[in-house]
Amino acid sequence: MRLLRSVANDDRHVMAKHASIYPSSEDLEAVQTMVSTVECALKQVSDWLDGVKKAVKSSSEATEESETNKKDQSGRVLSGVVRIGLVAKGLLIKSDMDLELVLMCKEKPTETLLRTVKGSLPIQIKKLTEEPYEVVQCVEECAAAVRTTKEPFLTLKVILTSPLMREDPEKKEEVENVEMNDPPDILDRQICLNALVSLRHAKWFQARANGLKSCVIILRILRDLCNRDSAWQPLKGWPLELLCEKALGTCNRPLGAGEALRRVFECIASGILLPGGPGLQDPCEKEPTDVLAFLTDQEREDVTFSAQHALRLLAFGQISKVLDMEPLPYSKPATSSTEKEGVSTSSSPVKRPCDNDSEDESSKKLKPDWKKMIDSKYLQKSQPANALMRLNQLKYGLQYKLISQSGPVHAPVFEMSVDVDGTTYKASGPSKKIAKFHLAVKVLKALGCATEEDNEYLEAEEKTQNKSKVDSKSSNLTVSTSGNITTVEVKTQGPILTNGGKNPVMELNEKIRGLRYDLVTETGTSNDKRFVMEVEVDGHKFRGKGPNKKVAKASAALAALDKLFPQNKESNRKKKTVPQSKSGITSLMSAAVQAVRGRTRVLPRGGYVGAAAATGYLPAGYGSPYGYSPAPPAPVPPVYGGWSSSHDEYLQYEDYPRSRSYPPSHSLHLTDWFHIL
């Protein structure tokens, strides 16, 4: 796992290098102006050629052609102009400003058409702008070059091509009754096909690579590396763009500039370019085509070695050597050194001044006065009025522990504890957050640092939470009454429970048995069903709605409970425990045991909690309904080895007279007591 500091350092260097090679705003504006002007001029050239073509033909032929053009929109001599190359992909850098456009033609382009475009283009440019441009014809490149005559010196190449150039001559010979004679001055077919390939590459790049974070930035960095290092020169262009897209597009998260550059180097250093490797398939070709097929074995090894060397430099923090730039200084976080009213805002801790009258050196190392720090303007300005935050300033690293959770599901009570300087403080609340706030205020009060704002904040928190519970409960329950039919719909998620924490259907069945729930209606689509269940109690019908039959049935039972047993709401919340009285049998058996054993011990009431009874002991809680009276503890040593020393004393079978033998695997039952008597 790399350190965050090294990743941030790599990002700073990559972005600084990118800023140095990225064209200036003046250059970009000049490029945009030139490309837009030439595109508009070519549109006017296309209109002019169509006008000349119509003027030559007769009126009848012109009428037929106009009808044909309505059906076929591609009847123009020049059908369109498209940006390709660095202009379309946005990969321009200062040392590489190649601008290219593709001029699509209806028929196969010829030298005559190129000459016509070259002659008409300067005239149309002058109509659009006053900037001087020079137009040169390049037959070898099947293009017309437009150049600026002042700085920045730019060259825009307009390449003529047509989709008809993709047709295979061998397949044409197989077609019967079709004769197509190419003009003698047709332009180079391979150059026109390369222009169509560049058009496909530009569309693919805009759809796949432009959306990847840091992809365009890394491509500009690597294009600069190709210009500086001869080993990387063969990858310049489409292979480099495809490599970057594959390396960054296969990552499961967006990468920063530094991480993206490292991932591309790792991809190349893994050996995918070496002979026998997987290669790199061209996604813009129908047939499987390796983009790196033109590389020699030596060129493949040179690029792989250069990528491995770059990774070593990156591992040792020498990314500046990879980018051919001066190393940047490490940036430190800015600290404010301003002081107001004698209170320093620096990160140094605030200390209480020492007493100079003290002669003992150890007395000079006094603890800070935390109460004064709390009341100081420094903490009031930089820290919020929060009890937990202020306690954390006083005692850093406190561990809050959850002791217990009690209460019903709809009204839980959480109890938290914290140890401060050997003292344990406890507090409770309706949520863990409020319990921690209560606990923090309690500790601050003990330290003498509490304020009135803490108490007000806690009261506001409790009111907000209680109000939200009441609002949510009232808003999630919809009750409607029509005649003797009451309908309830519960919109909350999770199980539907009564105030006593029981299922409404179960609680209603305990009160009134033999009820029958019927399905009234079932509406909605397959993914959004609504069910209505009905139950009849004493001639009154109660209905419940829900997304399934179970919820609708519980809603109907809840409606019946709220209507028929309204007094049960409060009784469920506070259950009274009736003390159990002592019975005569209990005292009789206790006296009998005492008489037989010759001691005044009696059985304690109930069993201990949290441990299982041993073999031969009375089970935990056995006889507790009869209310055995507790006996005062007496430190009497065990007689027959049948007394427990760690918990309450229980009676074993060996403590009874030898005349009565009881198997060790059975406990004494009530009938045995009567036999003893």
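Residues numbered from 1 in each chain as written. Predicted model: local features only at pLDDT ≥ 70, side-chain atom pairs only at ≥ 80, totals over all residues. Heavy atoms only, no water.

(A) Quick peek at the overall build of the chain. Across its full length, the chain holds 22 helices and 15 strands. At a minimum sequence separation of 6, the contacts of the chain that also span at least 24 residues come to 59%. Total accessible area computed for the chain in this model is approximately 41,000 Å², and 52% of it derives from carbon and sulfur atoms. (Helix = DSSP H or I, 4+ residues; strand = E, 2+ residues; numbered from the N terminus. Contact = heavy atoms within 4.5 Å. Areas by Shrake-Rupley, 256 points an atom, 1.4 Å probe, with all protein chains shown as cover.)

(B) Inspection of the pattern of salt bridges at higher detail. Under the defined criterion, the tally for this structure stands at 20 salt bridges. With a shortest N-O distance of 3.7 Å, D224 and K17 are connected by a salt bridge. Note that D224 is positioned in helix α8 (residues 215-228) and K17 in helix α1 (residues 4-21), a separation of 207 residues in sequence. Since its relative accessible area comes to 9%, D224 is described here as buried. With a shortest N-O distance of 3.4 Å, K502 and E510 are connected by a salt bridge. Using a relative accessible area of 29% as the deciding quantity, one classes K502 as partly exposed. (Salt bridge = Lys/Arg side-chain N within 4 Å of Asp/Glu carboxyl O. Buried < 20%, exposed > 50% of the residue type's maximum accessible area, 1.4 Å probe, protein only.)

(C) Geometry of the sheet that holds strand β9 (residues 413-420). Spatially, the three strands line up as an open sheet ordered β8-β9-β10, and their pairing is antiparallel. Of all the strands in the sheet, just β8 (401-406) and β10 (423-429) have a single pairing partner and so form its edges. Adjacent strand axes in the sheet meet at a mean angle of 20° when their direction is disregarded. Across seven bridges, the pairing between β9 and β10 is antiparallel. The residue bridging V418 from the neighbouring strand is Y425, located in β10. Contacts between helix α16 (residues 432-447) and the sheet are confined to β8, β9 and β10, with β10 contributing the most and set at about 140° to the helix. (Pairing = 2+ DSSP bridges. Axes fitted to C-alpha atoms, helices over the stretch in contact; angles between N-to-C directions.)

(D) Expanded view of helix α15 (residues 387-394). Inspection of α15 places A387, L388, R390, L391 and L394 among the buried residues, and these make up the whole buried set. Axial view of α15: buried residues confined to an arc of 165°, hence all on one face. (Arc of directions from axis to C-beta.)

(E) The arrangement of the nonpolar core in detail. Judged by nonpolar contacts, the single largest core of 94 residues is most densely connected at V146, L222, W232 and F265. Each residue touching F265, except ones within four places of it in the same chain, is listed here: L222, L225, W232, A307, A310, L311, L314 and V322. Core analysis: the second largest hydrophobic core is formed by 20 residues, V505, M533, V535 and A554 among them. (Core = buried A, V, L, I, M, F, W, Y, C linked by side-chain atoms within 4.5 Å.)

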